[in-house]
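Here is what each chain is made of, one letter per residue.
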Amino acid sequence: MTDNDKPTDDGSPKQPPPYQPPEPPEAVEARRGSVSYQEPGKTAPRAPSLADQRAREVARRRERETAEAEYAAAERKRKKRKRILIGAGVTVGVVAVVAVIYASSTPDPVTATCTDSNGVVVDDDNCDESYARSQGGYHSGGFIFIGGSSYRYNYGGTGSPGQKVTGGSYVAPSDRTPVRTASGKSVSRGGLGVGGSSSSGGKSGGS
């Protein structure tokens with residue numbers, strides 16, 4: 001007697017289970033390859049493996065090294081710019097000091113005006129020693145002699161040709177003082193202008 005032939009508790013014969021047809025092979029394969037999904041928020045995070053931990057540590061170390069290198073490069077550039085600015089400031093300061101010293105040590109230029117023995121302004125050529133020699137004249141005692149007339153420079157005075165010089169002095173300034181004529185020609189003192197001073201432009205010293 002099988003289990004199916006055994007009577008039930010109430011004495012009636014036991015009915016066999018309903019017939020279940022076998023599943024086709026495709027359904028079995030599909031069930032084997034199916035993926036089960038969990039509801040969002042209920043998936044437990046997977047603990048990082050040792051390799052993942054090492055990779056993350058390497059990435060963090062590289063980021064830190066890159067940041068440190070960028071900071072060091074920025075600091076070097078900042079210090080270099082600072083040294084350049086300081087050097088430029090020192091150079092400008094030195095140049096300014098030298099310019100001030102030079103300006104304070106160099107006297108202002110003086111204008112030389114050629115005059116005759118009466119203090120009348122004449123052409124500057126008459127006080128040029130080279131011109132005097134070409135005219136048969138000569139230089140002596142601070143005067144230029146040409147054809148019986150004497151000429152000399154007045155320093156600092158003013159006046160137009162044919163008029164008496166106003167102000168100035170017949171004493172030559174120091175060698176450090178630049179001397180030029182009204183036309184801009186440099187004057188070599190060389191003994192010219194030796195004599196007394198004159199504020200009216202009159203004759204000082206004989207011819």
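Bear in mind that the values here come from a model prediction, so they are computed numbers and not experimental data. (Residues numbered from 1 in each chain as written. Predicted model: local features only at pLDDT ≥ 70, side-chain atom pairs only at ≥ 80, totals over all residues. Heavy atoms only, no water.)

Novice: Please clarify how the confidence of the model for the protein chain should be interpreted in this entry.
Specialist: Low pLDDT means the predicted coordinates in that region are not meant to be read closely. Model confidence for the protein chain is summarised by a mean pLDDT of 75, while 63% of its residues fall at 70 or above. Confidence drops under pLDDT 50 across residues 193-207; counting only partners more than four residues distant or on other chains, this segment forms 47 contacts. (pLDDT = per-residue confidence, 0-100. Contact = heavy atoms within 4.5 Å.)

Novice: Hey, could you run me through the packing of aromatic side chains in this one?
Specialist: To describe a pair of aromatic rings, you give the distance between the ring centres and the angle between the ring planes. Counting across every chain of the model gives 3 aromatic pairs. For the ring pair Tyr153 and Tyr155, a centre distance of 6.2 Å and an interplane angle of 45° mean the geometry is tilted. Its relative accessible area of 4% is what places Tyr155 among the buried residues. Members of the aromatic cluster, each reached through a chain of ring pairs, are Tyr138, Phe143 and Phe145. (Phe/Tyr/Trp six-rings, centres within 6.5 Å; stacked < 30°, edge-to-face > 60°. Buried < 20%, exposed > 50% of the residue type's maximum accessible area, 1.4 Å probe, protein only.)

Novice: Teacher, can you tell me more about the pairing of strand β4 (residues 149-155) here?
Specialist: Residues in a regular strand point their side chains to alternate faces of the sheet. Counting buried residues in β4 gives 6 out of 7 residues, a clear majority hidden from the surface. Alignment of strand β1 (residues 110-116) against β4, held across 5 bridges, turns out to be antiparallel. The partner of Ala112 across the bridge, within β4, is Tyr155. Count of turn residues in the strand β3 (residues 143-146)/β4 antiparallel hairpin: 2 residues, of which Gly147 carries a positive phi of about 55°. (Helix = DSSP H or I, 4+ residues; strand = E, 2+ residues; numbered from the N terminus. Pairing = 2+ DSSP bridges.)

Novice: Help me understand the side chain of Ser169 in this model?
Specialist: By secondary structure assignment, the location of Ser169 is in the loop between β4 and β5 (179-181). Here Val171 takes part through its backbone nitrogen, which lies 3.0 Å from a polar atom of the side chain of Ser169. (Polar contact = N/O pair within 3.5 Å; in protein donor to acceptor, adjacent residues only side chain to side chain.)

Novice: Explanation requested: the pairing of β3 in the structure shown.
Specialist: Residues Phe143 and Phe145 of β3 are buried on one face, and the alternating residues Ile144 and Ile146, pointing to the opposite face, are buried as well. With 3 bridges joining them, strand β2 (residues 138-140) and β3 adopt antiparallel strand pairing. Paired with His139 across the bridge in β3 is Ile144. Counting the residues in the hairpin turn of β2 and β3 gives 2 residues, including Gly141, whose phi is positive at 60°. Both β3 and β4 contribute to a ladder of 3 bridges, which runs antiparallel.

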